[in-house]
Amino acid sequence: MPNGEYCVGKLPEYLQGKHFGPTLRSFVLYQYHHLCATQPLLLDQLRELGVDISSGQLNRLLIEDQEAFHEEKDALLRVGLSVSPYIHVDDTGARHQAKNGYCTHIGNELFAWFKSTASKSRVNFLQLLQAGYTGYRVDAHALDYMRQHRLPAEPLKRLSSHLGNFADDASWECHLNRLGIVTARHITITSEGALIACILSHGVNIDLSIISDDAGQFNVFHHALCWIHAERKINGLIPLNKQHAAAVHGIRHFFWLFYDDLKAYKQSPSEEKKELLRQQFDALCNTQTCFETLNQVLKRLKRNKEELLRVLDKPELPLHNNLSERDIREYVKRRKVSGGTRSDEGRLCRDTFASLKKTCKKLKIRFWDYLQDRILGTQAIPQLSFLVDQAASAK
């Protein structure tokens with residue numbers, strides 16, 4: 001002012017104290033996460049539209065102040081596990097800071113949830129199933145798991161006399177050391193059992209079914225296998241002659257006829273049909289052909305009988321893992337377009353918005369409407385976890 005005083009303007013309330021308005025912030029998130037635009041292309045687009053913005057400002061719009069989205073994403077898994085009789089699971093590569101990592105998908109027809117980590121072990125998967133909780137628990141469920149996985153009697157006896165909860169990794173490792181459990185295999189088995197007990201203590205159904213492509217880390221709770229992946233072992237064989245080719249063709253024909261019978265059983269299950277299908281499965285797996293490699297594949301099918309025929313006891317289970325394959329393709333597409341992540345915040349945002357976007361689609365909510373609702377703060381769209389709970393109750 002002429003008298004030397006400063007006149008400070010007040011930002012309009014709709015800006016919420018930020019430099020850019022809610023519509024532009026929604027547009028940036030939509031273009032990047034829904035349309036897979038790269039940051040350089042998005043920066044060019046904004047400047048072409050007349051927006052005065054730097055690459056650093058754009059990056060901050062994408063990764064900073066997203067805590068509300070992260071919290072909503074985390075709530076999805078807790079509610080999804082509590083209301084779902086089964087989940088689909090899969091994982092894919094996810095490089096972070098120039099190091100190999102993995103992204104795990106957990107979901108079903110109601111929700112999708114992604115999480116990137118440095119490991120794809122069973123312990124890592126069980127830690128993800130804790131849905132934000134941490135810790136270990138030794139109780140009857142944990143001890144049952146340890147017995148089933150042949151933990152020796154001596155460490156099992158020591159653990160059974162020290163039941164209780166352990167808040168974090170450090171306290172659990174200290175407890176195992178005090179008990180003299182230091183062998184790597186024994187640590188793995190005890191940790192897996194303690195994590196399963198902790199998961200169950202937080203309300204996850206002990207009868208939860210997990211549908212996967214036969215990756216070993218997912219073989220917990222009531223594990224069910226994908227029939228499409230099982231058939232690929234047969235389809236991938238390379239016959240050496242016409243007789244081998246005819247044998248493969250015959251087994252594949254038998255396989256898909258049996259698959260059709262399983263689909264029919266799901267529509268009208270009965271004890272008589274269940275027993276007949278078990279007999280047909282044994283007949284398929286016991287078939288001896290002139291192609292020894294094919295015979296070995298059939299033996300492997302027989303070893304997986306319980307997981308492949310889980311649907312006979314639970315007709316509501318899908319016969320394949322295509323849902324997880326489709327959902328995780330979204331993450332793979334983002335990875336191919338933009339490569340790996342560099343910052344921890346960037347990795348967290350990639351997981352969060354992939355989860356929210358896929359869940360919105362399953363709940364028939366337009367992602368653009370969702371982003372605007374959350375950024376404007378109108379909350380006209382309820383929390384996605386609440387909608388998942390409602391959808392599960394309506395089924």
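Please read all numbers here as calculations on a predicted model, not as lab measurements.

1. Topic: the environment of T104
Inspection of the secondary structure assignment puts T104 in strand β2 (residues 102-107). The exposure class assigned to T104 is buried, which follows from its relative accessible area of 3%. Setting aside chain neighbours within four positions, we find T104 in contact with D90, D91, W113, F114, K115, N124, F125, L128 and F218.

2. Some details on helix α8 (residues 169-178)
Because the α-helix completes a turn every 3.6 residues, residues three or four places apart line up on one side. Where α8 is concerned, the buried positions are W172, H175 and L176. Taken down its axis, α8 places every buried residue within 95 degrees of arc, on the same side. In this structure, α8 carries A170, N177 and R178 as exposed residues pointing more than 90 degrees from its buried face. Among the structural elements, β4 (136-138), α7 (153-160), β5 (164-166) and α9 (184-201) are those in contact with the buried residues of α8. Capping of α8 at its N-terminal end is provided by D168; its side-chain oxygen lies 3.3 Å from the backbone amide nitrogen of A170. Positive backbone phi, at 75 degrees, marks G180, one or two positions downstream of α8.

3. Description of the packing of helix α16 (residues 322-338) against helix α17 (residues 344-362)
Here α16 crosses α17 at 135 degrees, and the two axes come no closer than 11 Å. With respect to α17, the axis of α16 lies oblique. Relative to α17, α16 is oriented so that their crossing is right-handed. Residues L323, R326, D327, E330, Y331, R334, R335 and S338 of α16 touch α17, and the partners they reach there are R350, D351, K357, K358 and K362. For the contact of α16 with α17, the residue count by class is 2 nonpolar, 1 polar and 10 charged.

4. Some thoughts on the side chain of S84
Within the secondary structure, S84 is located in the loop between α4 (67-83) and β1 (86-93). For S84, the side chain forms a polar contact with the main-chain oxygen of G80, separated by 2.5 Å. Among the polar contacts made by the side chain of S84, one reaches the side chain of N108 at a distance of 2.8 Å.

5. Some details on the packing of helix α10 (residues 227-235) against helix α11 (residues 242-267)
A pair of packed helices is characterised by two quantities: the angle between their axes and the separation of those axes. Closest axis-to-axis distance for the α10/α11 pair is 10 Å, and the angle between their directions is 170 degrees. Of the possible angle classes, the one that applies to α10 and α11 is roughly antiparallel. Here α10 contributes W227, I228, A230, E231, I234 and N235 to the contact with α11, which in turn contributes V248, I251, R252, F255, W256, F258, Y259 and L262.

6. Focus on the side chain of H88
Checked against the element boundaries, H88 lands in strand β1. The exposure class assigned to H88 is buried, which follows from its relative accessible area of 1%. Only 2.9 Å separates the side chain of H88 from the side chain of N321, close enough to count as a polar contact.

7. As for the packing of aromatic side chains
The relative placement of two aromatic rings is captured by the distance of their centres and the angle of their planes. If you walk through the whole model with that rule in mind, you get 15 aromatic pairs. An aromatic cluster is built from Y30, F69, F353, F367, W368 and Y370, whose rings are joined through pairwise contacts.

8. Some details on the sheet that holds strand β3 (residues 112-117)
Reading across the sheet, the 5 strands line up as β3-β2-β1-β6-β7 and stay open at both edges, with mixed pairing between neighbours. Two strands lie at the open edges of the sheet, namely β3 and β7 (222-225), each paired on one side alone. Each strand of the sheet is rotated relative to its neighbour by a mean of 25 degrees, with strand direction disregarded. Relative to β3, β2 is paired through 6 bridges, and the arrangement is antiparallel. Residue I106 lies in a different strand from β3, and its bridge partner there is W113.

Reading guide: rules and limits
- Residues numbered from 1 in each chain as written.
- Predicted model: local features only at pLDDT ≥ 70, side-chain atom pairs only at ≥ 80, totals over all residues.
- Heavy atoms only, no water.
- Helix = DSSP H or I, 4+ residues; strand = E, 2+ residues; numbered from the N terminus.
- Buried < 20%, exposed > 50% of the residue type's maximum accessible area, 1.4 Å probe, protein only.
- Contact = heavy atoms within 4.5 Å.
- Arc of directions from axis to C-beta.
- Polar contact = N/O pair within 3.5 Å; in protein donor to acceptor, adjacent residues only side chain to side chain.
- Axes fitted to C-alpha atoms, helices over the stretch in contact; angles between N-to-C directions.
- Parallel < 35°, antiparallel > 145°, perpendicular 65-115°, else oblique.
- Left-handed = near helix turned anticlockwise from the far one by under 90°.
- Nonpolar A, V, L, I, M, F, W, Y, C, P; charged D, E, K, R; others polar.
- Phe/Tyr/Trp six-rings, centres within 6.5 Å; stacked < 30°, edge-to-face > 60°.
- Pairing = 2+ DSSP bridges.

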